[in-house]
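In case you want the letters, here they are:
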Amino acid sequence: MRILKIQTLRGPNYWSIRRHKLIVMRLDLENIAETPSNEITDFYEGLVEALPSLEGHYCSPGCRGGFLMRVREGTMMGHIVEHVALELQELAGMHVGFGRTRETATPGIYQVVIEYLNEEAGRYAARAAVRLCQSIIDRGRYPKAELEQDIQDLKDFWRDATLGPSTEAIIKEAEKKGIPWMPLPARFLIQLGYGIHQKRIQATMTNNTGILGVELACDKEATKRILYANGIPVPRGTVINFFDDLEEAIEYVGGYPIVIKPLDGNHGRGITIDIRNWKDAEAAYEMARQVSNSIIVERYYLGRDHRVLVVNGKVVAVAERIPAHVLGNGKSTILELIEETNQDPKRGEGHDNVLTKIELDRSSYQLLERQGYTINSVPPSGAICYLRATANLSTGGSAVDRTDEIHPENVWLAQRVVRIIGLDVAGIDIVTSDISRPLRELDGVIVEVNAAPGFRMHVAPSVGIPRNVAGAVINMLFPNDQASRVPILSVTGTNGKTTTTRLLAHIYKQTGKVVGYTTTDGTYIGDFLVESGDNTGPQSAHVILQDPTVEVAVLESARGGILRSGLGFDNANVGVVLNVSADHLGIGDIDTIEQLAHLKSVVAEAVFPDGYTVLNADDPRVAAMAEKTKANVAYFTMNPDSELVRKHIQKGGVAAVYEHDYLSIVKGDWTHRIERAENIPLTMGARAPFMIANALAASLAAFVQDVTIEQIRAGLRSFRASVSQTPGRMNLFNLGKYHALVDYAHNAASYEALGSFVRNWTTGQRIGVVGGPGDRRDEDFVMLGKLSADIFDYIIVKEDDDTRGRPRGSASDLITKGINEVKPNSRFESILDETQAINKALDMATDGSLVVILPESVNRAIKLIKLRGVIDDEIPLQNSISNDSQTKLSGGVAPSSVVNTPI
């Protein structure tokens, strides 16, 4: 077998709207393409030997063992690879279950789709599954050592990808509340929410966390001084920088027992407590110096170690932290007890699990010696052997929830401490023998104040009630269900996407909000270009959604981006589908128009239930998407007699209709007339029906988002098919004696739409410079030739500079073939070079002519035209268009904005 391609999907996609994380592997079965599993010698036995846990896969039989039943009876290898890839992830601790396998139009080549939790692990599992199956085909088995290595590698990927228990807790709470999140590419930052409503976290620090508070908390001695000045009980201590000062420091704090720790350490690193002699003090000093040049020497206070978590000025959790230890059983050595304790599935490496595995260091041996033990000692049954002096979870400690036991005075004290230091989230370390009594009664002290405190001990204590501390953080960042999202309006279709996206963004600008939008010619925020290029995929969507100034996102969502990565968001407020027609077929395993419609329907389905899916009622494939979406449906139509729209309105629905020369919004008995089409520059005097349809879609999408009719009207009136607002979309240039039109039409549907305008040109010649992208099917080029013959008086056939793998001249020959099939006597010539073709067309234009250029490079075409001396590129149509040929559906009416006239 041979892997041809592996893609990673991260949002709503062709395979699933709800399962965003999918790997798509294009797999060539090669010489076993027609061989089912039951015809491969010993394959079933080898598979069961390698992965007996596949017994748990139900598959289509719907029962335990169902998948293995299919393997025994005979199924294709792509299907088996799917299940193996899923099971490998399961064995590594990643619980996934979604998969699909489909043969492509090319026999023997399959698309194998598997769910993942971690991208690298998912891609690895796909490759490993192929290796495993190929090994069993070739050798009848998969070596156990290789399988164990695969599973370990997957575990490593999963461990390395974890965000940490605190961050994970916050993210899970955000997801519960429907708040979107995304990782940012620096300093482990996580963004919660979109656009102007976004918040950021880094572990448990938030964008509300003050830098002064963090700096103060990180300076333990400064923290102690400022707390002492405010009457807070803190340990007596001092800071030294040289070993020679240690003896004096011990005397200053009152003698032994003492604590020695680094000034700016964390996670318990370099700390030694309960030091009772000079020898131990020397060793502790050296250990602290490995972490920091400045050393704190403090009086040691007897008592239990407590962590009090304060969020937004309120105590939300309290935990007693118990140092790493083992409990004697009278039989096992301390080393054996440690190994047994570390077998607990709750313990893992670092912060991965609820608890951390116990590891010994020099301080551990010293502590054991102080207790009269070595690692080979056998402590009596019930004896507690402490292995760490500090109670940090990161060094193997455990936690007991004490939230319900803390005394009210201690609550007040903790909350006061956090306000003094100036933190929104803080962990206060308190040493006292009983947290249920005031510190002043027991000589308790505030030992430290920690910025970015860990949540692990609170969300998953070893003993006691888990506390939803992450919920307190989310409620602080988004109080009273404050908005976390900006409106997202997603636009797709075969043709008209960019124009509609730009128009919709322009309409929304009339509200005064900052609009971010993506198109095939660039990413924009407000009136400014962020990045030029074909930016219609998830990456450019993230640019908009990550920008803290954006208040509305209008995102063009093209087929390529959806296929490669899925949508760049989970749900939109409005999803617009303009049309579906044959284009890009045969690319990306989208071979039929039905498959293309299914792909486009992703935008229709990925809409919130209280949002709107805006559909073209005049396109049956688009209208059928109403059955798939859970959102409200709104239709737009050029046909005021549409039966579908009439029934929809009778049921209380909303629609945009072209009626009596007006673009109107219809709901119930009311018709809200927005504007006459001839007053909307984009429609070119109401003579470009496809532009009217685009304007209807944009108007309806804005209307269902509560943009007013007046604002929609203002947007329609001020938006033009110009180089500045819609580059490459019906850009008409006045060159004095003749006109030139630049449009990015490149498929049959867009040629037909363009033809509805060009045929109305009644003066001079209609000259076309035509072509198409080289990766289209042969029959597509032939169709472009047929359409060109019906539209133009003279045709110049050119080719793109980038032929996309097609031999030079092939596309031109096929277009020419189409021209001859329709009009054998047509006037045409082939000039493959686009620049030469454009110049030839402009040179031959007679008075009153229209030169239509359908270029690969819009910018190049416009530059060549402007060299001829453009009078205006934002011009009203004059007498070159036949009034008799105007696209009008009925006679005019009085210009009122709202009339009580049902459609």
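Refer to the structure presented above.
Residues numbered from 1 in each chain as written. Predicted model: local features only at pLDDT ≥ 70, side-chain atom pairs only at ≥ 80, totals over all residues. Heavy atoms only, no water.

Caption draft 1: Quick look at the overall build of the protein chain. Counting its secondary structure elements, the protein chain contains 29 helices and 39 strands. Taking all 903 residues of the protein chain together, the buried fraction comes to 57%. Here the analysis covers contacts within the protein chain between residues at least 6 apart in sequence; of these, 68% occur between residues at least 24 apart. Of the roughly 37,300 Å² of accessible surface on the protein chain, a fraction of 48% belongs to carbon and sulfur atoms. Side chains of the protein chain give 95 positive and 112 negative charges; the mean places of these two sets differ by 3 Å. (Helix = DSSP H or I, 4+ residues; strand = E, 2+ residues; numbered from the N terminus. Buried < 20%, exposed > 50% of the residue type's maximum accessible area, 1.4 Å probe, protein only. Contact = heavy atoms within 4.5 Å. Areas by Shrake-Rupley, 256 points an atom, 1.4 Å probe, with all protein chains shown as cover. Lys, Arg positive; Asp, Glu negative; His and termini not counted. Charge placed at Lys NZ, Arg CZ, Asp CG, Glu CD.)

Caption draft 2: Broad picture of the pairing of strand β32 (residues 670–676). The buried count for β32 comes to five of seven residues, which makes it a mostly enclosed element. By the bridge criterion, six bridges tie strand β31 (residues 662–667) to β32 in an arrangement that is antiparallel. Paired with Tyr662 across the bridge in β32 is Arg676. Once β31 ends, the chain turns through two residues before running back antiparallel as β32, passing Gly668 with a positive phi of about 60 degrees. (Pairing = 2+ DSSP bridges.)

Caption draft 3: Fine view of a negative patch on the surface. A contiguous patch of negative charge on the surface is contributed by Asp244, Asp245, Glu247, Glu248 and Glu251. Here Glu251 lies in helix α9 (residues 246–252). You can call Glu251 exposed: its relative accessible area is 59%. (Patch = residues over 30% accessible without salt bridge, like charges linked within 9 Å, V, L, I, M, F, W, Y side chains within 5 Å. Salt bridge = Lys/Arg side-chain N within 4 Å of Asp/Glu carboxyl O.)

Caption draft 4: Summary view of the nonpolar core. Membership of the largest hydrophobic core comes to 77 residues, with the highest contact counts inside it found for Phe636, Leu663, Leu700, Leu716, Met730 and Leu741. Looking at which element gives the most residues to this core, the answer is helix α23 (residues 689–703), with 11 residues. Leave out the neighbours within four places in its chain, and Leu700 touches Val614, Ala634, Tyr635, Phe636, Val654, Ala655, Ala656 and Ile665. Membership of the second largest hydrophobic core comes to 49 residues, among which are Val550, Ile590, Tyr635 and Val645. (Core = buried A, V, L, I, M, F, W, Y, C linked by side-chain atoms within 4.5 Å.)

Caption draft 5: Looking closely at helix α29 (residues 858–866). Taken as a whole, α29 has its buried residues at Val858, Ala861, Ile862, Leu864 and Ile865. The arc enclosing the buried residues of α29, seen along the axis, measures out at 160 degrees, which places them on a common side. Along α29, exposed side chains directed more than 90 degrees from the buried face belong to Asn859 and Lys863. Buried residues along α29 sit against β33 (731–734), β34 (739–742), α28 (834–844) and β38 (850–853). (Arc of directions from axis to C-beta.)

Caption draft 6: Structural context of the sheet that holds strand β13 (residues 304–311). Pairing in this open sheet of five strands is antiparallel, and the strands run β19-β14-β13-β20-β21 from one edge to the other. The outermost strands of the open sheet, each flanked by one partner alone, are β19 (398–401) and β21 (445–451). Within the sheet, the average angular offset between the axes of one strand and its neighbour, ignoring direction, is 30 degrees. In the sheet, strand β14 (residues 314–322) pairs with β19 via four bridges, with the strands oriented antiparallel. Within β19, the residue paired with Ala319 across the bridge is Asp401. (Axes fitted to C-alpha atoms, helices over the stretch in contact; angles between N-to-C directions.)

Caption draft 7: Quick look at the environment of His739. With respect to the helices, strands and loops of the structure, His739 is situated in strand β34. Since its relative accessible area comes to 14%, His739 is described here as buried. Sequence spacing of His739 and Leu393 is 346 residues, and the spatial spacing of their C-alpha atoms is 76 Å.

Caption draft 8: The side chain of Thr206, seen in detail. Summarising the element assignment, Thr206 is placed in strand β8 (residues 205–206). At 2.6 Å, the side chain of Thr206 and the side chain of Asp424 are in polar contact. With residues near it in sequence (within four places) discarded, Thr206 still touches Arg200, Ile201, Asp424, Val425, Val473, Met476 and Leu477. (Polar contact = N/O pair within 3.5 Å; in protein donor to acceptor, adjacent residues only side chain to side chain.)

Caption draft 9: Region of the structure containing the environment of Met94. Of note, Met94 is situated in the loop between α3 (77–91) and β3 (99–103). It is 55 Å that separates the C-alpha atoms of Met94 and Gly755, two residues lying 661 residues apart in sequence. For Met94, the residues in contact, after removing those within four places along its chain, are Gln89, Leu117, Ala121, Leu154 and Trp158.

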